[in-house]
Amino acid sequence: MDLSRTPARRWLSPVPWGFALLAAASSLTYGGDHAVNAWASTNLANLGDHPMEALITSAFLFGADPSACLRGIAVAGVVLAFLVIRFGDMRAVALIAAGQVLGTLVSEGLLAVRIAAGQADPALRATLDVGPSYVIVSALAAVVVAGARRWHRWTALAALAVRAPHIMSGLTTLAVTPVGHVSALSTGILLAWGLRSPGVRNRYLHRLTSPAAPLQAEEHTHGRAMST
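Residues numbered from 1 in each chain as written. Predicted model: local features only at pLDDT ≥ 70, side-chain atom pairs only at ≥ 80, totals over all residues. Heavy atoms only, no water.

Brief notes about the overall build of the protein
We count it as follows: Numbered from the N terminus, helices here are DSSP runs of H or I no shorter than four residues, and strands are runs of E no shorter than two. Note on classification: 1.4 Å probe, protein chains only; a residue is buried when its accessible area is under 20% of the maximum for its type, exposed when over 50%, partly exposed between these limits. In this description, contact between two residues means that some pair of their heavy atoms is separated by no more than 4.5 Å. What sets the accessible areas is the Shrake-Rupley method with a 1.4 Å probe; for residues, cover comes only from the shown protein chains.
Of regular secondary structure, the protein possesses 11 helices and 0 strands. Secondary structure of the protein in N-to-C order comes out as α-α-α-α-α-α-α-α-α-α-α. Across the 228 residues that make up the protein, the buried fraction comes to 41%. For the protein, contacts bridging at least 24 residues in sequence account for 72% of all contacts bridging at least 6. Surface accessibility of the protein: about 12,300 Å² in total, with carbon and sulfur atoms responsible for 66%.

Below is the structure:
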């Protein structure tokens, strides 16, 4: 099935809007609660104590500023809707879950190695690290690579460009957040490319290597139509 031709009802999928509603409720209720944020933080201390709870809960805490929180949730809802339109509910959930998990494990794993090597402060094991940015970045990257509509892809690319300074800030010092962002970004790209059908991948590669390929394909299709 060509998932680029999905029905409009996928805009009503429970995945993006359920995520948005749950994030709004949790963020507006607990966004300013330091104890909740400290428990949900995906730092080394929590990953060693309650990893699944931290990984899940942290993705739904957008911060204490209500206006910024609602803006972020709206963006997340739209991006996840783009993802569901292209891949369907289950694969969209799997993709953003992978972005959250791998973004966290790679960044925190690197921090653990640096602490063990004496290159980072051990106090960073308990640093505050909450938010849905790994989810959003992996979703944006996936939509850029394989969005169902051209305007979906361009919208996601523009959003990534706007977020690029934040995503990359501190990367040269191997800070946790930028390393996690790059890991989530890479996860979204690789999984979206892998989830595309072989036919779509082959057509894309053919266009890259042969500028005349689209015209030839069109002529071939036209010839088949005439013959029938």
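Having seen the structure, we can now continue with the description.
Quick notes on the side chain of Arg114
What counts here: A residue counts as positive if it is Lys or Arg and as negative if it is Asp or Glu; His and the chain ends are not included. What counts as a salt bridge is simple: a side-chain nitrogen of Lys or Arg found within 4 Å of a carboxyl oxygen of Asp or Glu.
Take Arg114: it is sitting in helix H6 (residues 89-116). An unpaired buried charge is present at Arg114: no salt bridge exists, and Glu108, the closest side chain of opposite charge, is 9.7 Å distant. Each residue touching Arg114, except ones within four places of it in the same chain, is listed here: Gln119, Ala120, Thr173 and Leu174.

Some thoughts on the environment of Leu70
Within the element layout of this structure, Leu70 appears in helix H5 (residues 66-87). Distance from Leu70 to Leu28, taken between C-alpha atoms, is 8.8 Å for residues 42 residues apart in sequence.

Re the packing of aromatic side chains
How we decide: Stacked, tilted and edge-to-face pairs are distinguished by plane angle, under 30 degrees for stacked and over 60 for edge-to-face with tilted covering the rest, among Phe, Tyr and Trp rings (Trp via its six-membered ring) whose centres lie within 6.5 Å.
Evaluated as defined, the whole model comprises 3 aromatic pairs. Taking 4.9 Å as the distance between ring centres and 40 degrees as the angle between the ring planes, the aromatic pair formed by Phe19 and Phe60 counts as tilted. Taken together, the residues span a long stretch of sequence, with Phe19 in helix H1 (residues 14-30) and Phe60 in the loop between helix H4 (51-58) and H5 at a distance of 41 residues. Overall, the relative accessible area of 17% leaves Phe60 in the buried class. Ring geometry for Phe82 and Trp151: centres 5.3 Å apart, planes at 90 degrees, overall edge-to-face. In this pair, Phe82 is assigned in helix H5 and Trp151 in helix H8 (residues 150-168), connecting sequence segments 69 residues apart.

Concerning the confidence of the model for the protein
Quick reminder of the rule: Each residue gets a pLDDT score, which is the predictor's confidence in that residue and runs from 0 to 100.
Overall, the prediction assigns the protein a mean pLDDT of 85, with 82% of residues at 70 or greater. Overall, residues 1-6 carries pLDDT values under 50, and its contacts beyond four positions in sequence, including any with other chains, amount to 13 contacts. Across residues 212-228, confidence stays below pLDDT 50; counting only partners more than four residues off in sequence or on other chains, it has 3 contacts.

A look at the packing of H1 against H5
Selection rule: In this description, a line fitted to the C-alpha atoms serves as the axis of each element, helices being fitted only across the stretch in contact, and the angle between N-to-C directions of two axes falls anywhere from 0 to 180 degrees. The cut-offs work like this: below 35 degrees is roughly parallel, past 145 is roughly antiparallel, 65 to 115 is roughly perpendicular, and the gaps in between are oblique. Note on convention: near helix rotated counterclockwise from far helix by under a right angle means a left-handed crossing. Clockwise means right-handed. Under the scheme applied, nonpolar residues are Ala, Val, Leu, Ile, Met, Phe, Trp, Tyr, Cys and Pro; charged residues are Asp, Glu, Lys and Arg; polar residues are all the others, including Gly.
The interhelical angle for the contact between H1 and H5, taken along N-to-C directions, is 165 degrees, at an axis separation of 8 Å. Considering the angle they form, H1 stands roughly antiparallel to H5. As H1 runs across H5, the sense of the crossing is right-handed. Contacts between H1 and H5 involve Val15, Pro16, Trp17, Phe19, Ala20, Ala23, Ala24, Ser27 and Leu28 from the first element and Pro66, Cys69, Leu70, Ile73, Ala76, Gly77, Val78, Leu80, Ala81 and Val84 from the second. In terms of residue class, the contact of H1 with H5 is built from 17 nonpolar, 2 polar and no charged.

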